[in-house]
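# Overview (structure and organization)
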Number of protein chains: 2
Amino acid sequence: MRKVAVIGIGMTKFGQLWKRDLTSLSVEAGVNAVRDAGIHQKDVEVLYGGTMSGGLFINQEHLGSMLPDYMGFKNIPSVRVEAACASGGLALRQAYIDIASGMHDIAVVGGVEKMTDIGTYSITKALATAADTVNESNFGATFPGLYALMAKLHMHKYKTTEEQLASVAVKNHLNALDNPNAQFHKKISIQDVMDSAKIADPLKLLDASPITDGAAAIVLASEKKAKKLSDTPVWIKGSGHATDTISLHDRDDLLTLSATVSAAKQAYLQARLQPKNIDMAEVHDCFTIAELLAIEDLGFVKKGKSGKFTEEGYTKIGGKIPINPSGGLKAKGHPIGASGVAQAIEAVLQLRGDAGKRSTNSENALTHNVGGSGGTSVVHIFER
Amino acid sequence: MRKVAVIGIGMTKFGQLWKRDLTSLSVEAGVNAVRDAGIHQKDVEVLYGGTMSGGLFINQEHLGSMLPDYMGFKNIPSVRVEAACASGGLALRQAYIDIASGMHDIAVVGGVEKMTDIGTYSITKALATAADTVNESNFGATFPGLYALMAKLHMHKYKTTEEQLASVAVKNHLNALDNPNAQFHKKISIQDVMDSAKIADPLKLLDASPITDGAAAIVLASEKKAKKLSDTPVWIKGSGHATDTISLHDRDDLLTLSATVSAAKQAYLQARLQPKNIDMAEVHDCFTIAELLAIEDLGFVKKGKSGKFTEEGYTKIGGKIPINPSGGLKAKGHPIGASGVAQAIEAVLQLRGDAGKRSTNSENALTHNVGGSGGTSVVHIFER
């Protein structure tokens, strides 16, 4: 397999973008990524796109044909992949495999979701299709509810507190203040989280990532092309992907996302790195409890210790291992299909030294993108 | 890139399978393919699945996690791709790239759709999301209508007759008589087609493929594994994939599917074959006009000559180039995501010499899978 680098990045502002449609968001992110790479449209050989549900959110499937068409490509191969909230991370991985295989030399990887057009009830219904419809959603389980079960058990088993959960949200909102593309630029306190409306005990509104529109895109290139085209290539050193039971109740252990453990193992092995060697990570914090589970399953902290670890500041910028310097899904926003690609963009900005005030001075970075309640996990390790 | 072979095949009966759900169909096809390959579940390293719209047909996304879970896999990487009606062909191609890259050695590729649970109106609405929702479907265009436009123009420009269109359906129904998995086992005449209800002038009910439930799966292996595990490997000699405008009205030429021309060119080049060297083909005959356009765009007959060519029997089994010996989408059935994989199964059966009465005595075979009205096209060439 050939070496692969990221040579361009582009994204839209994340937020409730009422005036924008999925196509215009995708075009903006794609054009910015191609421009950032210093290449031309004709240099792009293949497209990979991650989106969760064009069918349910905007009544449009076949985006693999529609988006290159609207972007002015002619006859380019274009692949849409879907893995619920891990669609973007999976698109990145499939493009990585494509370039590594020798099939193509330059790929654009995009992630996008336009969620806000259909109203909250329909959005919640659409998101619930990432869980087991027959055995979970049809019985009333929503994603806040599923993650609340994990949070409750973590609190029961490891004495994790609601304040420790809240400290994830507080940190990520603080980080997002310095990210111009983030949905929220609002500093919050532990008390703000504790006082926010309870949505599924023990999770409150400010424990949850928001509903977001947005798109993100990156340009991947083979080693030869990357060295020719870029002064600041960021290399993909490891890629891992695994699945787990789609239903929470089928897991051996509710508090271990075995898909994350497995995907991380693959990525660490390929990169020849261990958790202790990782300088920073963007992890899948769709709920505050998800970030706590992630940093445990990725090996940054022992199982059960993540609440205290976070509360004591070890995951802040400047801490032992900065987690979600971008603001994470929690504060940067979570346009489902785009989130995994946006994580890669943050890794690239950090490794290029272009992260401004939220810089973590990192030599490498890990990204971690989860689908559903852990049914899919995709992990990548980047190095400059 | 490494050589890749098909070493196992499995499919369900195609039809309106009221008692079955998507999961049980997928499991049946997958288990049959793994058994046919003579391997065990633990030998399978990665799954690729094509399905058009779990969201709209069965209210379930994230099938990349759900299906391996229900099949008893643990932590296996599993990728769902979507390209409307070309989802199955695209899943095959992405798995091919994966094995060719060296990432994995053995993959199961599946295609599935469970269409009949939601009623005809909702099915038509779901299928319409493969066209441009804003600029085609919202103005009332359905797929019969879009293909009818192409048929009308072909008739006008090349004097193609309704009887010539009908001859595609008659041939494919005849072929399906010998395919035990086909949805229809019913011989029809030109007059039957002409007398059937008009659905979009000039297309009649018997010019159209049916609504179908079903699943198909194949096992791919790297050269080393294939030679070790199989006495009858069927090699993938060429793979091509391209897109076109999603909307019909944006095409330079309504009667050329440029995605097919481009995908075929890639596959022919890689296989070092020309159209005249191809022994048989399974092409995307969602409507009779689609088969005529396909055999022109694939280079088997000059543009405009396909109607006469078909009417005169050149595409029958035993003819110059047998087209759709399986019965095609028209008579075998068209469970959207499964169709591209089922085409590969027919190629394998034919090349192994296991096609029974519908044998074409072929040394190679081409498969051609289209998404929407031509927005995506995927072409593969197989050789024994």
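Residues numbered from 1 in each chain as written. Chains lettered and ligands numbered in written order. Predicted model: local features only at pLDDT ≥ 70, side-chain atom pairs only at ≥ 80, totals over all residues.

Within chain A, the secondary structure is distributed over 14 helices and 11 strands. Taking 384 residues into account, the globule formula puts the C-alpha radius of gyration at 21 Å, and chain A, at 19 Å, falls close to it. Dimensions of chain A along its principal axes, counting C-alpha atoms only, are 55 × 45 × 40 Å. Within chain A, the proportion of its 384 residues that are buried is 66%. (Helix = DSSP H or I, 4+ residues; strand = E, 2+ residues; numbered from the N terminus. Rg over C-alpha atoms; globule rule 2.2 N^0.38 Å. Buried ≥ 20, exposed ≤ 12 C-beta atoms within 10 Å, placed from the backbone.)

Time to look at the domain arrangement of chain A. Residue and element names in this part refer to chain A. Its domain assignment divides chain A into domain 1 (4-119 + 212-234) and domain 2 (139-209 + 236-383). At the interface, 38 residues of domain 1 touch 33 residues of domain 2. Counting residues per element, the ones that place at least two in the side of domain 1 that touches domain 2 are β1 (4-11), α4 (87-101), β4 (106-113) and β7 (214-222). Among the elements that take part in the side of domain 1 that touches domain 2, α4 stands out by supplying eight residues, more than any other. In the side of domain 1 that touches domain 2, the residues fall into 23 nonpolar, 11 polar and four charged. (Domains from an automatic or database assignment. Contact = placed C-beta atoms within 7 Å. Nonpolar A, V, L, I, M, F, W, Y, C, P; charged D, E, K, R; others polar.)

So, on to the pairing of strand β10 (residues 364-371) of chain A. Residue and element names in this part refer to chain A. With eight of eight residues buried, β10 lies mostly within the body of the structure. Neither face of β10 is open: one carries N364, L366, H368 and V370, the other A365, T367, N369 and G371, and all of them are buried. For strand β9 (residues 281-282) and β10, the ladder comprises two bridges, and the chain directions are parallel. Note on β10: the bridge partner recorded for A281 is L366. Bridge analysis of β10 against strand β11 (residues 376-383) gives eight bridges, and the strand direction is antiparallel. Looking across to β11, one finds that T367 is bridged to H380. Here β10 hands over to β11 after four residues, with G372 in that stretch at a positive phi of 60°. (Pairing = 2+ DSSP bridges.)

Here the focus is the environment of D252 of chain B. All names here are of chain B. The topology assignment puts D252 in the loop between β8 (234-243) and α10 (258-271). Residue D252 is classed as exposed on the basis of its C-beta count, with 9 C-beta atoms lying within 10 Å. A sequence separation of 105 residues divides D252 from K357, and the C-alpha atoms of the two residues are 42 Å apart.

Our next topic: the relation of the copies chain A and chain B. Structural alignment of chain A on chain B gives an RMSD of 0.0 Å, achieved by rotating through 180° and translating 0.0 Å along the axis. As the rotation angle and translation indicate, the two copies are arranged about a two-fold axis. Proximity to the rotation axis, assessed at the C-alpha, singles out S101 of chain A in chain A; its C-alpha lies 1.9 Å from the axis. A share of 100% of the interface residues of chain A reappears at the interface of chain B, consistent with the copies meeting face to face through the same patch. (Least-squares fit on C-alpha atoms with pLDDT ≥ 70 in both.)

With that settled, the discussion passes to the interface of chain A and chain B. Reports often express the size of an interface as the amount of accessible area lost when the parts come together. With 49 residues of chain A at the contact, the number on the chain B side is 49 residues. At the level of elements, α2 (54-58), α3 (63-70), β3 (78-82), α4, β8 (234-243) and α10 (258-271) of chain A are the ones that each hand at least two residues to the side of chain A that touches chain B. By residue number, the principal contributor to the side of chain A that touches chain B is α4 of chain A, which donates six residues. Here the residues of the side of chain A that touches chain B are counted per class, giving 19 nonpolar, 23 polar and seven charged. Note that β3 of chain A and strand β3 (residues 78-82) of chain B share three bridges and pair antiparallel. Bridged to E82 of chain A within β3 of chain B is R80 of chain B.

Right, let's get into the packing of helix α4 (residues 87-101) of chain B against helix α14 (residues 336-352) of chain B. Residues and elements named next belong to chain B. The contact between α4 and α14 brings their axes to 5 Å, and the two run at 55°. The angle between α4 and α14 falls in the class oblique. For the pair α4 and α14, contact is made by S87, G88, G89, A91 and L92 and by I336, G337, A338, S339, G340, V341 and A344, respectively. A class-by-class count of the residues in the contact of α4 with α14 yields six nonpolar, six polar and no charged. (Axes fitted to C-alpha atoms, helices over the stretch in contact; angles between N-to-C directions. Parallel < 35°, antiparallel > 145°, perpendicular 65-115°, else oblique.)

All names here are of chain A. Helix length check: helix α6 (residues 143-158), at 16 residues, gives a terminal C-alpha distance of 22 Å against a target of 22 Å (1.5 Å per residue), a fit within 8%. For α6, the complete set of buried residues consists of F143, P144, L146, Y147, A148, M150, A151 and H154. Looking at the packing, one finds that the buried side of α6 touches α5 (120-128), α7 (162-176), β5 (198-200), β6 (203-204) and α11 (288-297). Positive phi appears at K159, one or two residues downstream of α6, with a value of about 60°. (Expected span 1.5 Å × (residues − 1).)

On to the environment of M1 of chain A, then. Secondary-structure assignment places M1 of chain A in the segment before β1. A count of 14 C-beta atoms within 10 Å places M1 of chain A in the partly exposed class. Between the C-alpha atoms of M1 of chain A and I99 of chain A, which are 98 residues apart in sequence, the distance is 8.7 Å. Not counting residues up to four positions away in its chain, the partners in contact with M1 of chain A are A100 of chain A together with S101, G102 and M103 of chain B.

Here we come to the environment of E162 of chain A. All names here are of chain A. Turning to its location among the elements, E162 is positioned in helix α7. Taking the C-alpha atoms as reference points, E162 and K302, 140 residues apart in sequence, are found 19 Å from one another. Beyond its immediate stretch of four places on either side in the chain, E162 contacts M194 and P202.

All names here are of chain A. Between α6 and α11, the least distance of the axes is 9 Å, while the angle of their chain directions is 60°. The pairing of α6 with α11 is recorded here as oblique in orientation. The handedness of the crossing between α6 and α11 comes out as left-handed. When α6 is examined against α11, the residues Y147, M150, A151 and H154 are found in contact with a partner set consisting of I289, A290, L292 and L293. Classifying every residue of the contact of α6 with α11 gives seven nonpolar, one polar and no charged. (Left-handed = near helix turned anticlockwise from the far one by under 90°.)

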